[in-house]
Amino acid sequence: MQQSRARLFKEYKEVQREKVADPDIQLVCDETNIFKWTALIKGPSETPYEGGVFQLAFAVPENYPLQPPQVRFLTKIFHPNVHFKTGEICLDILKNAWSPAWTLQSVCRAIIALMAHPEADSPLNCDSGNLLRSGDVRGFNSMARMYTRLAAMPKKG
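Under the annotation held in an unreviewed UniProt entry, the protein chain carries the name E2 ubiquitin-conjugating enzyme and is attributed to Brassica oleracea var. oleracea. What UniProt states about the protein chain under its Sequence similarities (unreviewed entry) heading is, verbatim, "Belongs to the ubiquitin-conjugating enzyme family."

Colleague: Quick question: what am I supposed to make of the packing of aromatic side chains here?
Modeller: Aromatic ring pairs: the centre-centre distance and the angle between the two ring planes describe each pair. All told, the structure shown has 7 aromatic pairs when counted by the stated rule. With centroids separated by 6.0 Å and ring planes inclined at 40°, the aromatic side chains of Tyr64 and Trp98 adopt a geometry described as tilted. Residue Tyr64 is found in the loop between strand E3 (53-59) and strand E4 (70-73), and its partner Trp98 is found in the loop between E4 and helix H2 (104-116); the two are separated by 34 residues along the sequence. Across this residue pair, the class does not change: Tyr64 and Trp98 are buried. Between Phe78 and Tyr147, the ring centres sit 5.9 Å apart and the planes meet at 15°, which makes this aromatic pair stacked. Pair noted here: Phe78 is in the loop between E4 and H2 and Tyr147 is in helix H4 (residues 137-152), with a separation of 69 residues, a long-range link. Taking relative accessible area as the criterion, Phe78 reaches 5% and is therefore assigned buried. Owing to a relative accessible area of 23%, Tyr147 belongs among the partly exposed residues under this scheme. Taken together, Phe78, Phe84, Phe140 and Tyr147 form an aromatic cluster joined through their ring pairs.

Colleague: Looking at this structure, how should I read the nonpolar core?
Modeller: Within soluble globular proteins, side chains that are nonpolar tend to cluster in buried spots. Counting 39 residues, the largest nonpolar core has Trp37, Ile41, Leu56, Phe58, Phe73 and Ile89 as its most contacted members. Residue assignment for this core shows that the elements contributing at least two residues are helix H1 (2-18), strand E1 (25-29), strand E2 (36-42), E3, E4, H2 and H4. With 8 residues, H2 is the single largest residue contributor to this core.

Colleague: I keep staring at the sheet that holds E4 and nothing clicks. Help me out?
Modeller: Hydrogen bonds between backbone atoms are what pair the strands of a sheet, whose relative direction is either parallel or antiparallel. Ordered in space as E1-E2-E3-E4, the 4 strands form an open sheet in which the pairing is antiparallel. Edge positions in the sheet fall to E1 and E4, since each has one partner strand and no second. Taken over all neighbouring pairs, the strand axes of this sheet differ in orientation by 20° on average, direction set aside. Sheet analysis places E2 next to E3, joined by 7 bridges and oriented antiparallel.

Colleague: When you look at H1 in this model, what are you seeing that I'm missing?
Modeller: Between its first and last C-alpha atoms H1 spans 24 Å; for 17 residues at 1.5 Å apiece the expected length is 24 Å, and the two agree. All of the buried residues in H1 are Ser4, Arg7, Leu8, Glu11 and Val15. Angular distribution of buried residues about the axis of H1 spans 100°; they occupy a single face of the element. Residues Gln2, Lys10, Lys13 and Arg17 are exposed on H1 and point more than 90 degrees away from its buried face.

Quick notes on the rules
Residues numbered from 1 in each chain as written. Predicted model: local features only at pLDDT ≥ 70, side-chain atom pairs only at ≥ 80, totals over all residues. Heavy atoms only, no water. UniProt positions renumbered as here; feature names shortened; annotations may be inferred. Phe/Tyr/Trp six-rings, centres within 6.5 Å; stacked < 30°, edge-to-face > 60°. Helix = DSSP H or I, 4+ residues; strand = E, 2+ residues; numbered from the N terminus. Buried < 20%, exposed > 50% of the residue type's maximum accessible area, 1.4 Å probe, protein only. Core = buried A, V, L, I, M, F, W, Y, C linked by side-chain atoms within 4.5 Å. Pairing = 2+ DSSP bridges. Axes fitted to C-alpha atoms, helices over the stretch in contact; angles between N-to-C directions. Expected span 1.5 Å × (residues − 1). Arc of directions from axis to C-beta.

This is the structure:
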């Protein structure tokens, strides 16, 4: 557990330095628990998520970085690889392709890449997966944009 604390403190320092370097990701450590983090990520441009800001929750295991963090969307998102109700993310690096070389910041980058390139063949959200698999990209984009507007965009006063 001491090793994972040291690693997380190192990542925390890097995140403080990177704040300006990576405007698409805002990673924040819980003040009372270094094993709990949240992130705000910007929806990638030229996708139905563009303009949205999505919140992620990280639960980091005590034997991190040997084991991957559990990450889920707190913001509702219409995406084939994200469970609509729980926010669970189907991404190989969070399961069997994890490597201790990954950091929380690079996990955020991978999630942004997944948002831009959904994998319809392994859906957690079957409705969005079926739209893409049947070739209804317009229908998928329309639904994804609608949920982005409803859940991930700041309300205009």
